[in-house]
Amino acid sequence: MNSKKDLKRAINYVCSDLFAECVAASLYGGKTDEKNAEALLTSILRINSDYVRRISHPEPGMPQKKYFKTLIHDFNEQVSEIIDQINNMG
């Protein structure tokens, strides 16, 4: 990523796609628990706001390159977990 703006845009894009997939899976996936779907949607929104906030306010004393590399890695791990949960909904 070249800038914080691009990174924020990418995170918003990924989270909006995850949100849409979760809504589609809950509506068209057959038997799904509404509470699980709502909890998953809430967690997607929390992940989005958490990571956008972390981009704006990096940890002091930590090299920026390392901080953003760790941030991206953690985000990708959480996205993978959300995708697995969406796949297991139906």
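What comes next is a walk through the structure. No experiment lies behind these values; they were computed from the predicted model shown.

## Some remarks on the packing of helix 1 (residues 4-28) against helix 3 (residues 64-87)
Viewed as axis vectors pointing N to C, helix 1 and helix 3 meet at an angle of 10°, and their least axial separation amounts to 10 Å. When the axis of helix 1 is compared with that of helix 3, the two are roughly parallel. Residue-level inspection shows Lys4, Leu7, Ile11, Val14, Cys15, Leu18, Glu21, Cys22 and Ala25 of helix 1 in contact with helix 3, the latter providing Phe68, Leu71, Ile72, Phe75, Val79, Ile82, Ile83 and Ile86. Of the residues that constitute the contact of helix 1 with helix 3, the class distribution is 15 nonpolar, no polar and two charged.

## Overview of the packing of aromatic side chains
For the structure on display, the rule yields two aromatic pairs. With a centroid separation of 5.3 Å and an interplanar angle of 70°, the aromatic rings of Tyr51 and Phe75 are classed as edge-to-face. Of this pair, Tyr51 sits in helix 2 (residues 34-56) while Phe75 sits in helix 3, and the two are 24 residues apart along the sequence. Per residue, the accessibility class of Tyr51 equals that of Phe75, and both read buried. Between Tyr67 and Phe68 the ring centres are 5.3 Å apart and the planes differ by 75°, which places this aromatic pair in the edge-to-face class. Assigned by exposure class, Tyr67 and Phe68 land together as buried.

Rules and cut-offs
Residues numbered from 1 in each chain as written. Predicted model: local features only at pLDDT ≥ 70, side-chain atom pairs only at ≥ 80, totals over all residues. Heavy atoms only, no water. Axes fitted to C-alpha atoms, helices over the stretch in contact; angles between N-to-C directions. Helix = DSSP H or I, 4+ residues; strand = E, 2+ residues; numbered from the N terminus. Parallel < 35°, antiparallel > 145°, perpendicular 65-115°, else oblique. Contact = heavy atoms within 4.5 Å. Nonpolar A, V, L, I, M, F, W, Y, C, P; charged D, E, K, R; others polar. Phe/Tyr/Trp six-rings, centres within 6.5 Å; stacked < 30°, edge-to-face > 60°. Buried < 20%, exposed > 50% of the residue type's maximum accessible area, 1.4 Å probe, protein only.

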